[in-house]
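Close look at the chain arrangement
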Amino acid sequence: MYNSLRVPVADPKRSYLAHKEAIDRAITKVLSEGHYILGKEVAAFEASFAAFVGVSAAVGLGSGTDALALALRAHGIARGDGVVTVSHTSVATVAAAELVGAVPVLADIEPAFYTLDPASLERALAGHISGGHGTKPPIKAVIVVHLYGQPAAMWEIASICARRDIVIIEDCAQAHDAALADRGVGSWGTAAFSFYPTKNLGALGDGGAVTTNDPAIAEKVKMLREYGWRQRYVSEILGVSSRLDELQAGILRAKLPRLRDENRRRQAIALAYDEGLGDAIGRPARRAGASHVFHQYVVRVPEREAFQEALRRRGIGTNVHYPVPVHLQPAYRDRVWLVGGALPVTERTANEVLSLPMFPELTDDEVALTIKTILDVCRSRQAA
Ligand SMILES: *Cc1c(COP(=O)(O)O)cnc(C)c1O
């Protein structure tokens, strides 16, 4: 699927090949030690990942979606509680709230940064929501998504939440090592990470983690991931089965030491796109003081589908994250609450965003070809 193009939009196999020796060694080690679930690799990865994020604990889980759901549950979010998040995100963010029986309340985004608009959050907390069924849900938590690798407006959001005792869950699935000034994402609240293969830190299968500075939350998530056990075979609370496995943990341990360099490479590619594309296309804005880790490099184009098709014909892969906002999807349309009854910035954004090829193994030649092809397509559009 990826490789029929001259420049693919993503290529997880290249990530494997870039780390082949270390990954093969890690896999052989796990296979020969013969312990495949919750052993030494998971414990060692949890310790290094917590240190990397700059928090006291990480708990390895089956996926990023589970990480969000178990983070909510660990904070006591349950059936009927309102959870504010955005509609311009992976559907996983909203699915996680639904998994715990919570009621999604979808807020609008900042037009330049595509992340939760603090003003929209304030309106949600003031009760200006409509569209769902029954009585308005009491809002207990916010899932803040650091979309595309750009940190959300955490200082404003954190102060709004502190005033009203709202739990903050950070969705860091696209933002491993992103930061605002010196403060890394994942340190404002309890955070959820995904290790889906194309994420900035990707496994070769599914995986996720919760990170936290609260030992009680870490302990609770550890119990929840395995049937509510603290002690084997004793379910103290209701739990699920969601474990990072030893193979994936070994692979992630092998890759973690180079994550920071790989993010720098993403940032260098982003800079090359910025400089090469100039004003031909709507380029991504960076929040002041933010370290954006460019999970995606997202541009804005009118008549996006035609533009995407023109690039595809010339061998350049692109993707749309995300073409249909969650509140317009069939499964969610008639059940979610919307701040102010409509999300105009979200809907406008979803019609125009286009993600360019972005992964650390992209070559300079591929980046140059992508830029040249986009400029060509822009020129032929102007001529038309
Ligand atoms: C990938 C992703 C998730 C879900 O992660 P999975 O590991 O696929 O379950 C959640 N939120 C966002 C923003 C994501 O990009």
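All values reported here derive from a predicted model rather than from experimental measurement.

**A look at the packing of helix 6 (residues 118-125) against helix 7 (residues 154-164)**
Across the interface, helix 6 lies against helix 7 with an axial gap of 9 Å and an inter-helix angle of 15°. Taken together, helix 6 and helix 7 sit at an angle that is classed as roughly parallel. Judged by the twist between their axes, the crossing of helix 6 over helix 7 is right-handed. Listed contacts from helix 7 to Pro118, Leu121, Glu122 and Leu125 of helix 6 are Glu156, Ile157, Ile160, Cys161, Arg163 and Arg164. Tallied by class, the residues present in the contact of helix 6 with helix 7 amount to six nonpolar, no polar and four charged.

**A few points about the pattern of salt bridges**
Taken as a whole, this structure holds 27 salt bridges when the rule is applied. Close ionic contact of Asp81 with Lys140 constitutes a salt bridge, the shortest N to O distance being 3.1 Å. One end of the pair, Asp81, is in the loop between helix 4 (64-74) and strand 2 (82-86); the other, Lys140, is in strand 5 (residues 139-145), with 59 residues separating them in the sequence. Residue Asp81 is classed as buried on the basis of its relative accessible area, which comes to 10%.

**Some details on the nonpolar core**
Ranked by internal contacts, the top residues of the largest apolar core, which has 59 residues, are Leu121, Tyr273, Tyr297 and Phe307. The residues touching Leu121, leaving out its near neighbours within four places in the chain, are Val84, Leu116, Val142, Ile157, Ile160 and Cys161. Ranked by size, the runner-up nonpolar core spans 26 residues in total, among them Leu68, Ala96, Val167 and Ile217.

**Side note on the site of the ligand**
Around the ligand there are 15 residues in total, and Gly64, Thr65, Asp171, Ser194 and Lys199 lie nearest to it. Within the side chain of Thr65, an N or O atom sits 2.5 Å from an oxygen atom of the ligand. The separation between a nitrogen atom of the ligand and a polar side-chain atom of Asp171 is 2.7 Å. Sorting the residues of the shell around the ligand by element identifies helix 4 and helix 5 (91-99) as the ones contributing at least two each. The residue makeup of the shell around the ligand, split by class, is four nonpolar, nine polar and two charged.

**Quick word on unusual backbone geometry**
Looking along the chain, the bond that leaves His321 and enters Tyr322 is cis, with omega of 10°. Here Tyr322 is to be found in the loop between helix 11 (304-313) and strand 15 (337-339). If you check the backbone angles, Glu303 has positive phi at about 45° while not being a glycine. You can see Glu303 is positioned in the loop between strand 14 (297-300) and helix 11.

**Examining helix 3 (residues 40-53)**
Under the 1.5 Å per step criterion, the end-to-end length of helix 3 is 20 Å for 14 residues, consistent within 8% with the ideal 20 Å. Along helix 3, the positions that sit buried rather than exposed are Glu41, Val42, Phe45, Glu46, Phe49, Ala50, Phe52 and Val53. On an axial view of helix 3, the arc spanned by its buried residues comes to 155°, and they lie on one face. Opposite its buried face, helix 3 presents the exposed residues Lys40 and Ala51, each directed more than 90 degrees away. In the stretch just after helix 3, Gly54 is the one whose phi turns positive, near 90°.

**Points about the sheet that holds strand 9 (residues 190-194)**
What the nine strands build is an open sheet, ordered 1-10-9-6-5-2-3-15-4; its pairing is mixed. Each edge of the sheet is formed by a strand with only one pairing partner; in this case those strands are strand 1 (57-61) and strand 4 (129-130). Bridge count between strand 3 (residues 103-107) and strand 15: two bridges; the pairing is parallel. Each bridged residue has a counterpart across the sheet, and for Leu106 the counterpart in strand 15 is Leu338.

**Let's talk about the side chain of His19**
With respect to the helices and strands, His19 occurs in the loop between helix 1 (12-18) and helix 2 (20-33). Apart from residues lying up to four places away in sequence, His19 is in contact with Ala254, Lys255, Arg258 and Glu262.

**Observations concerning the packing of aromatic side chains**
One pass over the full model with this rule turns up eleven aromatic pairs. Relative to Phe195, the ring of Phe49 lies with its centre 5.3 Å away and its plane at 85°, an arrangement referred to as edge-to-face. Pair noted here: Phe49 is in helix 3 and Phe195 is in the loop between strand 9 and strand 10 (208-212), with a separation of 146 residues, a long-range link. Centre to centre, the rings of Tyr114 and Tyr148 are 5.6 Å apart; their planes meet at 80°, and the pair counts as edge-to-face. With Tyr114 in the loop between strand 3 and helix 6 and Tyr148 in the loop between strand 5 and helix 7, this pair connects stretches of sequence that are 34 residues apart. Of the two residues examined, Tyr114 and Tyr148, each falls in the buried class. Of the aromatic side chains, those joined through ring pairs into one cluster are Phe45, Phe49, Phe52, Phe193 and Phe195. The residue whose ring lies beneath Arg183 is Trp188, and the NZ or CZ to ring-centre distance is 4.3 Å.

Each value, and the rule that gives it
- Residues numbered from 1 in each chain as written.
- Predicted model: local features only at pLDDT ≥ 70, side-chain atom pairs only at ≥ 80, totals over all residues.
- Heavy atoms only, no water.
- Axes fitted to C-alpha atoms, helices over the stretch in contact; angles between N-to-C directions.
- Helix = DSSP H or I, 4+ residues; strand = E, 2+ residues; numbered from the N terminus.
- Parallel < 35°, antiparallel > 145°, perpendicular 65-115°, else oblique.
- Left-handed = near helix turned anticlockwise from the far one by under 90°.
- Contact = heavy atoms within 4.5 Å.
- Nonpolar A, V, L, I, M, F, W, Y, C, P; charged D, E, K, R; others polar.
- Salt bridge = Lys/Arg side-chain N within 4 Å of Asp/Glu carboxyl O.
- Buried < 20%, exposed > 50% of the residue type's maximum accessible area, 1.4 Å probe, protein only.
- Core = buried A, V, L, I, M, F, W, Y, C linked by side-chain atoms within 4.5 Å.
- Near = heavy atom within 4 Å.
- Polar contact = N/O pair within 3.5 Å; in protein donor to acceptor, adjacent residues only side chain to side chain.
- Expected span 1.5 Å × (residues − 1).
- Arc of directions from axis to C-beta.
- Pairing = 2+ DSSP bridges.
- Phe/Tyr/Trp six-rings, centres within 6.5 Å; stacked < 30°, edge-to-face > 60°.
- Lys NZ or Arg CZ within 6 Å of the ring centre and 35° of its normal.

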